[in-house]
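One-letter residues, chain by chain:
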Amino acid sequence: MAHMIFLLLSLVFLYLANTSHSLEKFQSFLHPVNKDKATNIYSIPLSIGSSVSQEFVLDLNGVGPLLQNCATAAKSSSFHPIRCGSTRCTYANPNFSCPNNTTTKTKTPCRSSDNARLFRDTVPLLYSYNGVYIMDSEKSSSLTLTCTDGAPVKGTIGLANTHLSIPSQLISMYQLAPKMALCLPSNEKSKLYPGGLWIGKGEYYYLPYLKDVSTIFASTPLIGNAKSGEHFINVKSIQIGGKTVPILHGATKICTMAPYTVLQTSIYKSLLTAFSGNVKMAKAPAVKPFGACFSSNGGRGAPVIDLLLSGGAKWRIYGSNSLVKVNKNVVCLGFLDGGVNPKNPILIGGYQMEDNLVEFDLKASKFSFSSSLLLHNTSCSVERLSPF
């Protein structure tokens, strides 16, 4: 019955959408995001050039646009190395020093600022005209990519805000809105459908919720590092059950490479105490790497964790994002102790972002988020129909 309702709603949206999209400019790329249940790391499937499809690990703060093993990258028939002294080399890395000898110069591969070799190849991505459905074919784009001899066979796609990132290249190439968004899938939901990486203008539809999800966004300034392109926000305080958890002030990093949120030791202990004091579940023996576990009752009885951000925004973390199911009868608080002197006092990990739509406005330096989509009877893992 639910599936039939979904299909009917989809048909309504398709009817209301402008069907003359063949004459329009598409508004965004929308590509699947998968979750590896063994490692709790997120990835996207890509077939670079003529290579077979493989999973590329999603690194929100990675500086390499798309890093591969050079031996793997060179197998593609459309692989084109970027040579030293070329216009593409100068654009990619203006500081790269080429040999003076003309013969050597033309044979020397251009390298990125982190010393990876630069090359060109085609990257195919799915796309959307209206944020409801995706087209049934991919749009291929010739992009600047990187490789190293020591890189793992499983590549990485970096989403740091740099001029060579895949989002930045695509936004420039297709004159898209300077935004990207992530909707990370959870273990349970990803069994059905993947999450999504959006590049370009959002209208973000996650049926059966009928509104554009951006209409429920809360926003806070991004305080990213201009040099590294990493993504940071300012958490001013944490509240549980109306009580404030003491924190150390410093930039909070948003990170897809950390499965769970990591806190400086004093913040972690305060959070643990406050959460345990407000939870309405019986305590259970701790299960590593977690410090507090409880007898499971479907997540009911978990207090809401509120992150109060600059600008007055409030990021609400409900039981579905605070508690990790470790077995049939036990759930654990999904926050980890990061030690006394971590680089960042708070590092928000992937689990706390699952089934939340988060958007990065790369021009306005603004971070927007929906909080849990589960509250609106939807999730990041929804069926995306083709219009045909």
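Per an unreviewed UniProt entry, the protein is named Basic 7S globulin-like, and its organism is Camelina sativa. UniProt's Sequence similarities (unreviewed entry) comment on the protein is quoted here verbatim: "Belongs to the peptidase A1 family."

Engineer: Would you mind showing me how to read the sheet that holds strand E21 (residues 314–317) here?
Structural biologist: Backbone hydrogen bonds hold the strands of a sheet together, and the pairing may be parallel or antiparallel. Strand order in the open sheet formed by four strands is E15-E14-E20-E21, and the pairing between neighbours is antiparallel. The open sheet is flanked by strand E15 (243–245) and E21, the only strands paired with a single partner. Across the sheet, the mean angle separating the axes of adjacent strands is 30° when strand polarity is ignored. With four bridges connecting them, strand E20 (residues 305–309) and E21 associate as antiparallel partners. Across the sheet, the residue bridging to Ile 305 is Ile 317, located in E21. Packed on one face of the sheet, helix H6 (residues 265–278) meets strand E14 (235–240), E15 and E20 and runs near 30° to E14.

Engineer: Please clarify how the pattern of salt bridges should be interpreted in this entry.
Structural biologist: Oppositely charged side chains can form a pair if their charged atoms are brought close together. Under the counting rule described, the total for this entry stands at four salt bridges. Of the charged contacts, one joins Glu 354 and Lys 35 as a salt bridge, the two residues approaching to 2.5 Å between their closest N and O atoms. With Glu 354 in the loop between strand E25 (346–348) and strand E26 (356–361) and Lys 35 in strand E1 (residues 28–36), this residue pair connects regions lying 319 residues apart in the sequence. By relative accessible area, Glu 354 is classed as buried at 2%.

Engineer: Whenever I open this one, the side chain of Arg 384 confuses me. Can you help?
Structural biologist: Among the structural elements, Arg 384 can be located in the segment after strand E27 (366–372). There is no salt bridge for the buried Arg 384, and the closest opposite charge comes from Asp 212, which lies 9.4 Å off by N-O distance. Among all residues touching Arg 384, those that are not within four sequence positions of it are Leu 30, Gly 131, Val 132, Ile 134, Trp 198, Tyr 205 and Tyr 206.

Engineer: Honestly, H6 in this entry has me stumped. Any pointers?
Structural biologist: Because the α-helix completes a turn every 3.6 residues, residues three or four places apart line up on one side. In a regular helix each residue adds 1.5 Å, so 14 residues correspond to 20 Å; H6 covers 20 Å between its end C-alpha atoms and thus fits that length. Considered for burial, the residues of H6 that qualify are Thr 265, Ile 267, Tyr 268, Leu 271, Leu 272, Ala 274 and Phe 275.

Engineer: Looking at this structure, how should I read the packing of aromatic side chains?
Structural biologist: Aromatic ring pairs are reported here in terms of the distance separating the ring centres and the angle at which the planes meet. Following the criterion strictly, the structure yields 16 aromatic pairs and no others. Consider the rings of Tyr 260 and Tyr 351, whose centres lie 5.6 Å apart with planes at 50°: the pair is tilted. With Tyr 260 in the loop between strand E16 (252–254) and strand E17 (261–263) and Tyr 351 in the loop between E25 and E26, this residue pair connects regions lying 91 residues apart in the sequence. The pair Tyr 260 / Tyr 351 is uniform in exposure class, with both members buried. Of the aromatic side chains, those joined through ring pairs into one cluster are Phe 26, Phe 29, Tyr 127, Tyr 129 and Tyr 174. Sitting over the face of the ring of Tyr 206, Arg 384 holds its NZ or CZ atom 4.6 Å from the ring centroid.

Engineer: Hey, could you run me through the nonpolar core in this one?
Structural biologist: Across soluble globular proteins, nonpolar side chains show a tendency to be buried alongside one another. Judged by nonpolar contacts, the single largest core of 75 residues is most densely connected at Ile 238, Ile 305 and Trp 315. Among the elements that make up this core, the one with the highest residue count is H6 (six residues). Of all hydrophobic cores here, the second largest spans 15 residues; its members include Ile 134, Cys 183, Tyr 209 and Phe 217.

Engineer: It is not clear to me how the sheet that holds strand E19 (residues 293–295) should be interpreted in this structure. Could you clarify?
Structural biologist: One open sheet accounts for four strands, arranged E18-E19-E23-E22; its pairing is antiparallel. For this open sheet the edge positions go to strand E18 (283–284) and strand E22 (323–327), each flanked by a neighbour on one side alone. Pairing between E19 and strand E23 (residues 330–333): three bridges, direction antiparallel. Residue Ser 295 lies in a different strand from E23, and its bridge partner there is Val 330. Across the sheet, H6 is in contact with E18, E19, E22 and E23; its angle to E23 comes to roughly 135°.

Engineer: Explanation requested: the environment of Asn 234 in the structure shown.
Structural biologist: Along the polypeptide, Asn 234 turns up in the loop between strand E13 (232–233) and E14. Residues Asn 234 and Thr 220, spaced 14 residues apart in sequence, show a C-alpha to C-alpha distance of 8.1 Å. Those residues in contact with Asn 234 that sit more than four places away from it in its chain are Ile 223, Gly 250, Leu 308, Leu 309 and Ser 310. Looking at Asn 234, its side chain comes within polar contact range of the side chain of Ser 310, at 2.8 Å.

Engineer: What am I meant to see in unusual backbone geometry here?
Structural biologist: Glycine aside, residues mostly have negative phi angles, and peptide bonds mostly take the trans form. Going from Leu 207 to Pro 208, the amide bond is cis rather than trans, its omega being 10°. As for its placement among the helices and strands, Pro 208 is situated in the loop between strand E11 (195–200) and strand E12 (218–221). With an omega of 10°, the peptide bond between Lys 288 and Pro 289 qualifies as cis. Here Pro 289 lies in the loop between E18 and E19. Phi angles above zero are rare outside glycine, and Ser 371 is one such case at about 60°. Inspection of the secondary structure assignment puts Ser 371 in strand E27. Ser 371 sits in the buried class, given a relative accessible area of 10%.

About the cut-offs
- Along each chain, the written sequence defines residue order, and numbers are assigned to residues from 1.
- It should be noted that, the model being predicted, local features are given only for residues of pLDDT at least 70 and side-chain atom pairs only at 80 or more, the latter also being counted only at that level, while totals for whole chains, interfaces and linings use all residues.
- Calculated side-chain values reflect all of the structure's heavy atoms, with hydrogen atoms and water omitted.
- UniProt positions are given in the numbering used here, feature names are shortened, and annotations may be inferred rather than shown by experiment.
- Strands were regarded as paired on the criterion that DSSP finds at least two bridges between them.
- Counting from the N terminus, the helices are the DSSP runs of H or I reaching at least four residues and the strands are the DSSP runs of E reaching at least two.
- Angles shown run from 0 to 180 degrees and are taken between the N-to-C directions of axes, each axis being a line fitted to C-alpha atoms and, for helices, limited to the stretch in contact.
- By the convention used here, residues are in contact when the closest approach between their heavy atoms is within 4.5 Å.
- Just to be clear on terms, a salt bridge is a Lys or Arg side-chain nitrogen sitting within 4 Å of an Asp or Glu carboxyl oxygen.
- When accessible area is computed with a 1.4 Å probe and restricted to protein chains, residues below 20% of their type maximum are described as buried, those above 50% as exposed, and intermediate ones as partly exposed.
- Charge counting treats Lys and Arg as positive and Asp and Glu as negative, with His and both chain ends excluded.
- Given a helix with a known number of residues, its expected span is that number minus one, times 1.5 Å.
- Ring geometry is summarised as follows: Phe, Tyr and Trp rings, the Trp one being its six-membered ring, pair when their centres sit within 6.5 Å, and such pairs are stacked at plane angles under 30 degrees, edge-to-face over 60 and tilted between the two.
- Charge-over-ring contacts are defined here by two conditions on Lys NZ or Arg CZ: a distance within 6 Å of the ring centre and an angle within 35 degrees of the ring normal.
- Nine residue types can take part in a nonpolar core, namely buried Ala, Val, Leu, Ile, Met, Phe, Trp, Tyr and Cys, and a core is a set of them joined through side-chain atoms within 4.5 Å.
- In the analysis that follows, any N or O atom pair within 3.5 Å is treated as a polar contact, provided that within protein one partner can donate a hydrogen and the other can accept it, and provided that, for residues neighboring in sequence, both atoms belong to side chains.

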